[in-house]
Structures are given as structure tokens and as C-alpha cells.
Amino acid sequence: MSSTNFGASLAPAARYSEIMKAVAVFPARREVQLIDHPEPKIESPFQVKVRMLDVGVCGTDREIISFQYGIPPDGSDYLIIGHESLAQVVETGEKVTRAKAGDLVVLTVRRPCPHASCVACRSGRQDFCYTGDFTERGIKQRHGYMTEFVVEEESYANVVPHELRDVAVLVEPLTIAEKSLAQLGAIEQRLPWEGRGHRNAVVLGAGPVGLLGAMALTIAGFDVTVYSLSSKHAEKDDIVSAMGARYIAAETHSVDDMAKEVGAIDLVYEAVGASGFAFEVIKHLGPNGVFIFTGVPGHKGPIQVDTDYIMRDVVLNNQVILGSVNAPPQSFQAAIRDLGAFMQKWPDAVHALITARFPIEQATRPLAPGVGGIKNVITVSA
């Protein structure tokens, strides 16, 4: 980040009755600010107005405020960031039927492209958009959730049980694993027998996406190993152990060592965004195995990959290499359900995923490079 001008534009509340705080990036000026932004109003009978409670901070947000990407809405020179949300409904349009005032909701991220030819978006599956002209809250051409109030179509709001209030901000990162598991289920239909017996899964990365994925895979019946590049892993090891999985650190175990300990690897769930590391692990994928990429590496120049070895194994072992991004409403519903199951089985481990909470006025602290912890959260409203 070349410049951060934070808090300078916040106006006294007494001057504006319909102005709210928001954290915004100005790409052209390479600045990040706490700004005044007009408070939205319901404009459709199908919309809900929500008060933002928690917004999770992730690597995407850090990349946006480092000006690697992030596109403001048309006509705006800034983009309100934040896409991992928990909110409370404060007002509903007259035709809203699924949500009511007081409900807790998690909002989805991606919105469909406008093209009639895109069958994915016209089918409500903009996570498979063909054109690339989708928009995304807090990322691409739509303001995000790191602000006090948001108005959204009811169809993009997922009601969350109140007992998940403290951890529901984890729903959106969990949807990455939920969509991946749904696609895995479809892929496994190619195997013509019932029941798969013992299955080993390796999760690459011990960040929030990796640890939530490990929980989801454990619930789904896999024997899970988390393999991480992180050298600071004591707390993460405790979380992994609590769910009955195994933690292996790359600093003490080579990829070959890890593969020997695990045995036949039926599934790799990549959640680290380190391409060289991931392609080393692909070499150890077992027969009929599936490798799921979810990370997006930065542009760091070419790496050396043994393409002959990988291609030979993929063909001779009937393997599948899959990329997965974004998530449909079904994955949000699955994430809400499974997060409830995690809380029943491992409540302390789930709570430990949230490292710290920061008020919106201090939003740049967890957004700064090199900040530790697993999941840091901006508390917009108590």
C-alpha cells in the first residue's frame, strides 16, 4: 500500500442524519479511507435493509487495499471493501417473505452478469458465469459490507440462527469448502460402486479457508491431514487436533515425508495459494483422486513444474484436477448447517478461528501486511 489516509473524511454525525461510516479504497489515488457514505434506502418491495455487525478480513481485502485489483462501481471513484458478512435485518420491503426485522443474515457476494446468453447467470448460478462480467460485493463494481448499513435483494440474504451470532462471520469462507464438496460429490458419481470406504484428504494451508475446509471434510467422513507452510502453528495444531485430524508442518516434513505418513491420498483441498507447493503435492495424488484448487496465487514469475510426470499420473490414474471459485446460495445454506454442526462438536476450536475483533475506526490494523492470527474481524456494530 503506497498511501493510507485513514479517518480524515469522517464528518460529525450531527451534520448528516443519513450519512454512515464506511471503509473505502480509492484505486486512482492509491488511498484507503474511513469515509462518509450515503445511507442506503429500500427501493424495491423485495429488498431488505440490514445493519452490519461483523465483517471478516481476508487476503482478498489486503490485495485490494494494496491496489492489486478492486474495481469501484460505475460513477464512483472509490470501492467500499469487505465481503465476509454478518448483519441484522432492520427493515423489509412489503414483498419480502423469508426474512424479518431482527433476523441475522449472511449476504452472498457475486451478482449475475447482464448477458442473456449466459445460461449460468440466468439460472442463478453466477458462480459459473461464462462471460466474466459478473459483479462482486466489495471486490468488483459493487460496494461491499465494511459499512454501517446495506440494502440488498432478499434472495441474496441467508438467515442464520441466533445461536451462531458469535461465529456466523465464518459462513462465507466456509462456502468455499461447501461448493468444493458439492462438486466432489458430482465427480464421484463416475465411480460405479456404492460406498468409498476409507478416504484420506489432505488440506493444504492452515488459514481460515483451510481449517474450515478441514472441519467440513471431517464431517463428511474423510480422515483429514492439514499440511501447512506456516512456521507458527501451535494454535492451529490445537484446532486440528480437536477435530480428530492431523497437522503436519512443511518446515519439518517434506512433501514426500507427508505423503508417506498419509498413505494413498484420495483428495487434496488446496487453500494456500502457493502454486509451487501445490504442484509438488499433485505428484502424490492417489488413483482416482481429486485435487481441488481454491487459492489464487499472485503473479510472482514462472516456476519449474514437471509437467510430464503430472500429466502421466493424471491420465494413468484417472485423476481430476478442479478449480472452484465463489459459491451459490446452496453452499451458503450448507455452510450455515455445517457451522452449527461444528459448534456442536468442537465449540472451542470454532471460536479459536476468530483471533481478534477491531472497531471499524481501526480497520487498517488487521488489513496491514503481516498481521498474525487466523481470522480477524471488523466489528461494525455491537
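Residues numbered from 1 in each chain as written. Predicted model: local features only at pLDDT ≥ 70, side-chain atom pairs only at ≥ 80, totals over all residues. Heavy atoms only, no water.

## Overview of the packing of helix α4 (residues 208-219) against helix α9 (residues 329-345)
Heads up, the rule is: Note on definitions: angles span 0 to 180 degrees between N-to-C directions of axes, and those axes are lines fitted to C-alpha atoms, for helices only across the stretch in contact. Starting at the N terminus, helices and strands are each numbered in turn, a helix being any DSSP run of H or I of at least four residues and a strand any DSSP run of E of at least two. We call two directions roughly parallel when the angle between them is under 35 degrees, roughly antiparallel when it is over 145, roughly perpendicular when it lies between 65 and 115, and oblique otherwise. Residue contacts are counted whenever heavy atoms from the two residues lie within 4.5 Å of one another.
Following both chains from N to C, one finds α4 and α9 inclined at 85°, their axes separated by 11 Å at the closest point. Considering the angle they form, α4 stands roughly perpendicular to α9. Across from Leu212, Met215, Ala216 and Ile219 in α4, the residues of α9 making contact are Asp338, Ala341, Phe342 and Lys345.

## Let's talk about a nonpolar patch on the surface
What counts, and what does not: Patch definition: residues with relative accessible area over 30% and no salt bridge; like charges joined within 9 Å; nonpolar side chains (Val, Leu, Ile, Met, Phe, Trp, Tyr) joined within 5 Å. Per-residue accessibility takes into account occlusion by the displayed protein chains alone, with areas from the Shrake-Rupley method and a 1.4 Å probe. Throughout this description, the term salt bridge denotes a Lys or Arg side-chain nitrogen within 4 Å of a carboxyl oxygen of Asp or Glu. The rule is simple: take the accessible area with a 1.4 Å probe, protein chains only, and divide by the maximum for that residue type; under 20% is buried, over 50% is exposed, in between is partly exposed.
There is a patch of nonpolar side chains on the surface, built from Met311, Val315 and Leu316 and spanning about 350 Å² of accessible area. The topology assignment puts Val315 in helix α8 (residues 307-316). Looking at Val315, the relative accessible area reads 56%, which means it is exposed.

## Some words on the sheet that holds strand β1 (residues 19-26)
Going by this rule: When DSSP locates at least two bridges between a pair of strands, those strands are taken to pair.
Reading across from one edge, β2-β1-β4 is the order of the three strands in this open sheet, with antiparallel pairing throughout. A single partner strand is all that each edge strand has here, and the edge strands are β2 (31-38) and β4 (79-80). Where β1 lies against β2, eight bridges are found, and the strand directions are antiparallel. The residue bridging Lys21 from the neighbouring strand is Asp36, located in β2.

## Some details on the nonpolar core
This is how the line gets drawn: Definition used in this section: a nonpolar core is a set of buried Ala, Val, Leu, Ile, Met, Phe, Trp, Tyr and Cys residues joined via side-chain atoms within 4.5 Å.
Judged by nonpolar contacts, the single largest core of 55 residues is most densely connected at Met215, Leu217 and Phe342. Counting residues per element, this core draws most heavily on α4, at seven residues. Setting aside residues up to four positions removed in sequence, Leu217 forms contacts with Leu181, Ala201, Val203, Phe222, Val224, Leu267 and Tyr269.

## Some remarks on the confidence of the model for the protein
Short version of the rule: Note: pLDDT gives the predictor's confidence per residue, expressed from 0 to 100.
Mean pLDDT for the protein: 92, with 94% of residues reaching 70 or above. Taken as a whole, residues 1-16 scores under 50 in pLDDT and shows 35 contacts with residues more than four places along the chain or in a different chain.

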